[in-house]
Structures are given as C-alpha cells and as structure tokens.
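Descriptive analysis of the structure
Each chain, letter by letter, is given below.
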Amino acid sequence: MKKSLICITTCNRVSAIKAVIWDYINFCKKNDSFDFLISLDGDDKETVRYCEKHNIPLVYSKVREGVGLSKNRVLKTYSEFDYYFFI
C-alpha cells in the first residue's frame, strides 16, 4: 500500500491551526494510507504545547528558517512516504 503524509507548515499561527487541524486528523484516522504532521518553522511555544497536549505529531526548528527548509526537514525526517501533501 502506498503511504501519504499530509503536512501543515506553519509559523506563529496557532489559531489557524486549531481552526483546521481536526478535519485533517480525522481524515487520516479514517484512511490508513495517510498520516498527519505539523511542521513548525521556529519555536512557537503555544503551538508546541497544543500539539503535545493533543498528541499531534510535530517537527520544528528552534529558529525561523523559512518554509522551504521546513518542508525539506519533513522530507528528510519522514522519507518513508510515497506522497507528500504540504498545506
């Protein structure tokens, strides 16, 4: 089975994440071929706490590096997927 990763890339937008994240998480829970991840550019403590509280997979950098490096970190760290969807 082909595996896909849905990744929301973000930086200091925890309110936007809270507004949309659960639709993606619920979709992934219902579809075994999809996993979900947040890629946080920079050390936004509120987003980190929210993800930890709700056991949401998260990868982040301590400093802001830009969306390109944030996506590259996901591709390098989670290289086992066949398809990637960045939101």
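Scroll up to find the structure this text is about.
Residues numbered from 1 in each chain as written. Predicted model: local features only at pLDDT ≥ 70, side-chain atom pairs only at ≥ 80, totals over all residues. Heavy atoms only, no water.

Another aspect to go through is the packing of helix H1 (residues 14–30) against helix H2 (residues 45–53). Their axes nearest at 10 Å, the elements H1 and H2 cross at an angle of 25°. The angle between H1 and H2 places the two elements in the roughly parallel class. Note on element contacts: H2 touches H1 through Glu46, Thr47 and Tyr50, opposite Val14, Lys18, Ile21 and Trp22. When its residues are assigned to classes, the contact of H1 with H2 shows four nonpolar, one polar and two charged. (Axes fitted to C-alpha atoms, helices over the stretch in contact; angles between N-to-C directions. Helix = DSSP H or I, 4+ residues; strand = E, 2+ residues; numbered from the N terminus. Parallel < 35°, antiparallel > 145°, perpendicular 65-115°, else oblique. Contact = heavy atoms within 4.5 Å. Nonpolar A, V, L, I, M, F, W, Y, C, P; charged D, E, K, R; others polar.)

On to the side chain of Asp41, then. Tracing the backbone through its elements, the reader meets Asp41 in the loop between strand E2 (34–40) and H2. A polar atom in the side chain of Asp41 sits 2.7 Å from the backbone nitrogen of Glu65. Leave out the neighbours within four places in its chain, and Asp41 touches Thr10, Cys11, Ser61, Val63, Arg64, Glu65, Gly66, Val67 and Ser70. (Polar contact = N/O pair within 3.5 Å; in protein donor to acceptor, adjacent residues only side chain to side chain.)

Evaluation of the coordinates by the stated rule reveals five aromatic pairs. Summarising the aromatic geometry, the rings of Phe27 and Phe34 are spaced 4.9 Å apart at their centres and angled 70° between planes, so their arrangement reads as edge-to-face. Here Phe81 and Tyr84 contribute two aromatic rings whose centre-to-centre distance is 6.1 Å and whose plane-to-plane angle is 70°, an arrangement assigned as edge-to-face. Judged by relative accessible area, Phe81 falls into the buried class, the value being 9%. Taken together through their ring pairs, the aromatic side chains of Phe27, Phe34 and Phe85 make up a single cluster. (Phe/Tyr/Trp six-rings, centres within 6.5 Å; stacked < 30°, edge-to-face > 60°. Buried < 20%, exposed > 50% of the residue type's maximum accessible area, 1.4 Å probe, protein only.)

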